[in-house]
Amino acid sequence: MTRLIPALTSALALGLLTAGASLPSTAAPAVAGAATAPAVRADRPDRATDVARPALRTGLTDHSFYFVMADRFANGESANDTGGIEGGRLEHGFDPTAKGFFNGGDLVGLREQLDYIEGLGTDAIWLTPVFENKAVQLEDGPSAGYHGYWITDFTRIDPHLGTNADLADLVDAAHERGMKVFFDIITNHTADVIGYEEGARTAYVPKDVEPYRTADGEPFDDRDHAGGDDFPELDAQTSFPYTPVLEEGEEDLKVPAWLNDPTLYHNRGNTTFTGEDSQYGDFFGLDDLFTEHPTVREGMIDIYRTWVDELGIDGFRIDTMKHVDDPFWQAFGPGLLDYARSHGKPDFFMFGEVALDGADAAAKAFTSGYTTRAGMQSVLDFPFQWAARDFASRGTSAADLARFFVDDDFYTDADSNAYALPTFLGNHDMGRFGHFVGADNPGADEAELLRRDRLGHELMFFSRGNPVVYYGDEQGFTGTGGDQLARQTMFASQVPEYADDTQLGTDAKTPATDSLDPTHPLYRRIARLDRLTERHPALRDGAHQVRLGQDGPGVAAFSRLDRDQQREYVVLLNNASTARSAKVSTWVRKGAFRKVYGPGEQRVRTNGSGEVRVRVPALSTVVYAASERLAASRRAPSITLRTPRPSAVDRGRMLVGARVAGRSFAEVTFQARVGDGAWQSVGTDDSAPYRVFHDTSVLATGTPVHYRAAVLDNAGHARLAKARGTQVAAPAITLSTSGSDGTVSSIDPVTVSAEVQPERPTQSVRFERRVGPDGAWEVLGTDTSSPAYRATDDIEGLELGTEVTYRAVLLEPGAEPVTSDEVTVRTAAPQPARDSVTLAGSLQDELGCPADWQPDCAATHLAFDATDGRWHATFTLPEGSYEWKVAVDDSWDENYGAGGAAGGDNLVLDVPAGGAAYTFTWDQVTHVPSVSPAQ
């Protein structure tokens, strides 16, 4: 079955609107994000020309990026390999035979290879962080700061990579070639310098367990102060759940000096990358900055202003954006953007890393919040990466790709949209696209793998957004995984894990040989794609109109159109292993199209309905360009506003759509009026179905909001739709409990959690329970520490099989309480939550294992005890000092150390002379490992 998506078919547009019901658009006290179009006075007669606007093209929507890790590209100056640090690899961090250490690349080498980079058609070079790093962190492997994410000095280039002067020379040389230079920057954390009196890498302590306290010991919630200029005075000894300490000699290690104040960090222990601790926890011990504090906010803005001013940096990619609070971004983004523009950088551009899996409406709802609610320019398009891998590598349904692009409306607001999103296929963290293609198609031959890799790049270059090529992908690098396994050198590698990697498109090379080869077929292909989009600008930043998504593997199609040139391009991509025919709608009736890329017929024609039939070979892409401009519209089409309603995936967004008659290119601008205020722009959509997702999260429940829309046709005619009103809906609250399958352990506390949407700092949640079907409701407690709400319930005294029902009540000033659905659980005997738990460490060879630190050694497995719900084992050890932790399910993928921290510090056991027997225990609820003398 084939699913057609004509440009302006109202019934289908409605279907897509309903199926994709979702998110973002704008917000702020009046109507957020309304920074572009002027407000329209409420006392002036409405005119369509006051409302209608062309769709935005902000940022660098006509640019392509080359993402390079400086240490892994070219070694131009061997004298800096050790960074001027004396000692061995564990002091200076240089070891060209180890994937986790500096391998020798530097800024001089990068500058010397600009011909190679320019040959790809690159418009902008994106560098991994180049600031001075802690050379080696012994706790992490050990490994070195070759990647740049362990910064100690934000004012100096890491000496392994060169000097500030070397960077200035690189920027100047790139600018002379017309290429921009982007820094990868960090605001979330610094290197791991701060430890805790309670342990170096400890388990996270939630705010509802231990709140922040002022220097005088008074509890407070930091979110009540985030974004403001006043913040309670803090004291390292009293304000935090852990007491921060600095080792001797490292008290003044960080630059600027304010970074050495331990009260400017969250000090809550290691993150698990979920829930509250995703924002407040340390990344494997990295010092997590207190970004809610005005000193941190203003300090970070000042740091990066300096690099714009002194070196003329063209923009920033911002690391770990989702782990920092929104008020920080609402100040950081505009502050830097205004500064750059006032210092001769009108095109200054920033995009953030908001990493996640998935490409559905919920994924876009989340990522787009940073360009709408948080006010940043753009984010890396992680949902695109997922959708592109699904389509080109996994061969999933083409209809899924069509739905993905329809959902681009999540990003549309008054000052940004999806056209400014940098798109990518793989990266230094997740792995290379060549690796994904091989992993997803284990039985495929070399020719198929190369075709799928090429198909992914064609999708990235011909669809909306700014394509990012990860260095080495143009040489067919594959690797065997993510992180260190995806960071090969372009110069001949001595790393064993890299040396035998396969490279797509060639039998002559591996990473063990120099790989800066401009004749490689993928290099030539990417350069060709870039040249094509230069010759045909509509393929780079023209309007992106979804046309077709066949069910199952097959053809996905979309049109691209430059609003000034008014010439339609049709892009058809086939991810099936056989040729497929496709009938595609266009804006052109009885017109000719000529092929500009790919296999297939040289010319095709549309019928009287604007449809064209094309046969697309297997795993290939074909692009056609209309021979003539679109016919000019004689009058503006009619437009009707749909009934506004809250988004199905985000209660803080109002879905506003419009029906537009006719069958030609049009752009629809939406406006909102809050109460009796002025009309302000929400955003302009240039592809059907026409809609925006207005951010109403800052508006009180029941606030009246009116919406209107105006259509602008391809000849400049405008027409205004009649306004429609609604009210801001009450937040939604969702309750969940610990346990599985509706049962909870009768001897462990039940954790009750609530998620609120939209979530605001002024909210609190009251938790209640009822024992048995007829029991009275009891209050467990009220949690006021946003953004995560939870309570614990001690049920140990209840009989097995007792039903306990929970509910949560959202409390917010000036609004009626909102009660969640009830969740009922039944008490049951404790059950093991894992398949196996291993005592792993330097004691294993004393206990019958073939070697130490073996997570899968059965001889040191612990056994689950149903009487207390914990895992135990008793072992006799000879005299000595041992380090240990627990590994789960025979792997290091999940392991727990001191304090129950995931991946936490090793525990130490000192056994006295003569040896002794000890019982080792792991609590599967708290994750805390412990040991005590055997009884």
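This section reports on the structure supplied with the text. (Residues numbered from 1 in each chain as written. Predicted model: local features only at pLDDT ≥ 70, side-chain atom pairs only at ≥ 80, totals over all residues. Heavy atoms only, no water.)

## Some remarks on the overall build of the protein chain
- Along the backbone of the protein chain there are 17 helices and 54 strands.
- Taking 30 Å as the expected radius of gyration for a compact globule of 935 residues, we find that the protein chain reaches 29 Å, a close match to that expectation.
- In terms of its C-alpha atoms, the protein chain occupies a principal-axis envelope of roughly 95 × 75 × 55 Å.
- Counting every position in the protein chain, which comprises 935 residues, the buried fraction comes to 59%. (Helix = DSSP H or I, 4+ residues; strand = E, 2+ residues; numbered from the N terminus. Rg over C-alpha atoms; globule rule 2.2 N^0.38 Å. Buried < 20%, exposed > 50% of the residue type's maximum accessible area, 1.4 Å probe, protein only.)

## As for the packing of helix α11 (residues 382–393) against helix α13 (residues 433–440)
- The interhelical angle for the contact between α11 and α13, taken along N-to-C directions, is 45 degrees, at an axis separation of 10 Å. Taken together, the axis directions place α11 and α13 in an arrangement best described as oblique. Where α11 crosses over α13, the handedness of that crossing is right-handed. Between α11 and α13, the residues in contact are Gln385, Arg389, Ala392 and Ser393 and Phe433, Phe436, Val437 and Asp440, respectively. (Axes fitted to C-alpha atoms, helices over the stretch in contact; angles between N-to-C directions. Parallel < 35°, antiparallel > 145°, perpendicular 65-115°, else oblique. Left-handed = near helix turned anticlockwise from the far one by under 90°. Contact = heavy atoms within 4.5 Å.)

## Digging into the side chain of serine 836
- Among the secondary structure elements, serine 836 is positioned in the loop between β46 (823–828) and β47 (837–841).
- Side-chain polar atoms of serine 836 contact the side chain of aspartate 890, separated by 3.3 Å.
- When sequence neighbours within four positions are dropped, the list of residues in contact with serine 836 reads His861, Trp871, Ala887, Val888, Asp889 and Asp890. (Polar contact = N/O pair within 3.5 Å; in protein donor to acceptor, adjacent residues only side chain to side chain.)

## Some words on the packing of aromatic side chains
- Across all of its chains, the model carries 45 aromatic pairs by this definition.
- Pairing phenylalanine 65 with phenylalanine 351 gives two aromatic rings, centres 5.6 Å apart and planes at 75 degrees, and the pair type is edge-to-face. Here phenylalanine 65 is found in strand β3 (residues 65–68), whereas its partner phenylalanine 351 is found in strand β17 (residues 349–352), with 286 residues between them in sequence. Considered together, phenylalanine 65 and phenylalanine 351 belong to a single accessibility category, that of buried residues.
- Ring geometry for phenylalanine 328 versus tryptophan 329: centroids 5.0 Å apart, planes at 85 degrees, classification edge-to-face. For the pair shown, phenylalanine 328 and tryptophan 329 are each scored as buried.
- Three or more aromatic residues joined by ring pairs make a cluster, and in this case those are Phe131, Phe154, Phe183, Tyr304, Trp307, Phe316, Phe328, Trp329, Phe332 and Phe348.
- Over the ring of tyrosine 471 we find arginine 432, and its NZ or CZ is 5.0 Å from the ring centre. (Phe/Tyr/Trp six-rings, centres within 6.5 Å; stacked < 30°, edge-to-face > 60°. Lys NZ or Arg CZ within 6 Å of the ring centre and 35° of its normal.)

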